[in-house]
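Residues per chain are reported as follows:
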Amino acid sequence: GAGVSQSPSNKVTEKGKDVELRCDPISGHTALYWYRQSLGQGLEFLIYFQGNSAPDKSGLPSDRFSAERTGGSVSTLTIQRTQQEDSAVYLCASSWQGAKETQYFGPGTRLLVL
Amino acid sequence: QKEVEQNSGPLSVPEGAIASLNCTYSDRGSQSFFWYRQYSGKSPELIMFIYSNGDKEDGRFTAQLNKASQYVSLLIRDSQPSDSATYLCAVRGGSRLTFGEGTQLTVNP
């Protein structure tokens, strides 16, 4: 079946603008994760959704970052008033049922803030 | 101390050799351990996971876990040029995965 999809694949924006990144998880996967990967670095956890539970937002770097997940499926990560240090690849992953299961990653959105 | 540390690399091995990738973690409560491979410009893909002490083999790959030493490794036997990538160690405690910064492996033909 289809894997995790993300859009857009690339986004260039100006400093101070807001951006929205979309993730469509694998059908049937109840857990969804957002990560950020800066150039040459490992993955930084941002937020985790599991079913109807309150999300784990502990990785969000500032209040400019927010995410929601509608209907237990598609998720949107929003970055307000973007800064140059927000430039990175934003990766979404999903898993079956949650924390104990293997995570499958989408292709990522490459964000460049000028 | 970083939560998950990997040998800094880059690591270069000749084709057919064994590549050894190492990872240490700080949280003794960590429950499960994963190795992901990431080709340049691509997203990570899972190679192996291991939950119990000892070795776990899958084809040319062997994961080794020693919880007492807080150490997990990945051995790649008969390395191929197509194995050239960055290998990410990830450790789960609770709901999140914590990733190391990765080790870049180059297999020379």
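Small disclaimer: the values here were computed from a predicted structure and weren't measured. (Residues numbered from 1 in each chain as written. Chains lettered and ligands numbered in written order. Predicted model: local features only at pLDDT ≥ 70, side-chain atom pairs only at ≥ 80, totals over all residues. Heavy atoms only, no water.)

### Here's the deal with the overall build of chain B
In terms of regular secondary structure, chain B is built from 0 helices and 11 strands. Traced from its N-terminal end to its C-terminal end, chain B shows the element sequence β-β-β-β-β-β-β-β-β-β-β. Taken along the three principal axes of its C-alpha coordinates, chain B extends 40 × 30 × 20 Å. Every one of the 109 residues in chain B was classed for burial, and the buried ones make up 43%. Within chain B, residue pairs in contact and separated by at least 24 positions form 52% of the contacts whose partners lie at least 6 positions apart. Only carbon and sulfur atoms are counted for the fraction: they give 46% of the accessible area of chain B, which is about 5,100 Å². Side chains of chain B give 10 positive and 11 negative charges; the mean places of these two sets differ by 6 Å. (Helix = DSSP H or I, 4+ residues; strand = E, 2+ residues; numbered from the N terminus. Buried < 20%, exposed > 50% of the residue type's maximum accessible area, 1.4 Å probe, protein only. Contact = heavy atoms within 4.5 Å. Areas by Shrake-Rupley, 256 points an atom, 1.4 Å probe, with all protein chains shown as cover. Lys, Arg positive; Asp, Glu negative; His and termini not counted. Charge placed at Lys NZ, Arg CZ, Asp CG, Glu CD.)

### Details of the state of the cysteines
Residue and element names in this part refer to chain A. Counting across every chain of the model gives 2 disulfides over all chains. The side chain of Cys23 participates in a disulfide bridge whose partner is Cys92; the two sulfur atoms lie 1.8 Å from each other. Its S-S torsion of approximately -65 degrees makes the covalent link between Cys23 and Cys92 left-handed. With Cys23 in strand S3 (residues 19–24) and Cys92 in strand S8 (residues 88–95), this pair connects stretches of sequence that are 69 residues apart. (Disulfide = S-S within 2.5 Å.)

### Description of the pattern of salt bridges
Counting across every chain of the model gives 7 salt bridges over all chains. One salt bridge connects Arg36(A) with Glu44(A), and the closest N-O pair in it is separated by 3.0 Å. Given the relative accessible area of 10%, Arg36(A) is considered buried. Notably, a salt bridge pairs Asp83(B) with Arg60(B), separated by 2.9 Å at the nearest N-O pair. Highlighted residues: Asp83(B) in the loop between strand S8 (71–76) and strand S9 (85–93) and Arg60(B) in the loop between strand S6 (54–58) and strand S7 (61–66), separated in sequence by 23 residues. What makes Arg60(B) partly exposed here is its relative accessible area of 26%. (Salt bridge = Lys/Arg side-chain N within 4 Å of Asp/Glu carboxyl O.)

### Looking at unusual backbone geometry
At the junction of Ser7(A) and Pro8(A), the peptide bond is cis and its omega measures out at -10 degrees in the coordinates. Relative to the assigned elements, Pro8(A) resides in the loop between strand S1 (5–7) and strand S2 (10–13). In this model, Arg81(A) sits at a positive phi of 45 degrees, which is unusual for a non-glycine residue. Checked against the element boundaries, Arg81(A) lands in the loop between strand S7 (75–79) and S8. With a relative accessible area of 43%, Arg81(A) lands in the partly exposed category. Of note in the backbone geometry, Asp78(B) takes a positive phi value of approximately 50 degrees without being a glycine. Judged by its relative accessible area of 41%, Asp78(B) is partly exposed.

### Regarding the sheet that holds strand S6 (residues 65–69) of chain A
Residue and element names in this part refer to chain A. Strand order in this open sheet of 4 strands is S1-S3-S7-S6, and the pairing throughout is antiparallel. Two strands close off the open sheet at either side, each with one partner strand: S1 and S6. With strand direction ignored, the average angle separating the axes of adjacent strands in the sheet is 15 degrees. In the sheet, S6 pairs with S7 via 5 bridges, with the strands oriented antiparallel. Paired with Glu68 across the bridge in S7 is Thr76. (Pairing = 2+ DSSP bridges. Axes fitted to C-alpha atoms, helices over the stretch in contact; angles between N-to-C directions.)

### Looking at the sheet that holds S6(B)
Residue and element names in this part refer to chain B. Pairing within the open sheet is antiparallel, and its 5 strands lie in the order S1-S3-S8-S7-S6. Pairing within the sheet leaves two strands with one partner each, and these edge strands are strand S1 (4–6) and S6. Put simply, the sheet's adjacent strands are angled 20 degrees from each other on average, direction ignored. Where S7 and S8 come together, 6 bridges link them in antiparallel fashion.

### Examining the packing of aromatic side chains
One pass over the structure, following the stated rule, counts 12 aromatic pairs over all chains. Here Tyr35(A) and Phe99(B) contribute two aromatic rings whose centre-to-centre distance is 5.5 Å and whose plane-to-plane angle is 85 degrees, an arrangement assigned as edge-to-face. Highlighted residues: Tyr35(A) in strand S4 (residues 31–37) and Phe99(B) in strand S10 (residues 96–99), drawn from two different chains. Classification of Phe99(B) by relative accessible area gives buried; the value is 8%. When the ring of Tyr36(B) is compared with that of Phe99(B), the centres are 5.7 Å apart and the planes differ by 50 degrees; the resulting orientation is tilted. With Tyr36(B) in strand S4 (residues 32–38) and Phe99(B) in strand S10, this residue pair connects regions lying 63 residues apart in the sequence. On the basis of relative accessible area, Tyr36(B) is assigned to the buried category, the value being 1%. Aromatic ring contacts, followed pair by pair, group Tyr33(A), Tyr35(A), Phe45(A), Tyr48(A), Phe105(A), Phe34(B), Tyr36(B), Phe49(B), Tyr51(B) and Phe99(B) into a single cluster. The cationic tip of Lys56(B) hangs over the ring face of Phe49(B); the distance from NZ or CZ to the ring centre is 3.6 Å. (Phe/Tyr/Trp six-rings, centres within 6.5 Å; stacked < 30°, edge-to-face > 60°. Lys NZ or Arg CZ within 6 Å of the ring centre and 35° of its normal.)

So far we have only geometry, and geometry alone does not tell us how the molecule works.
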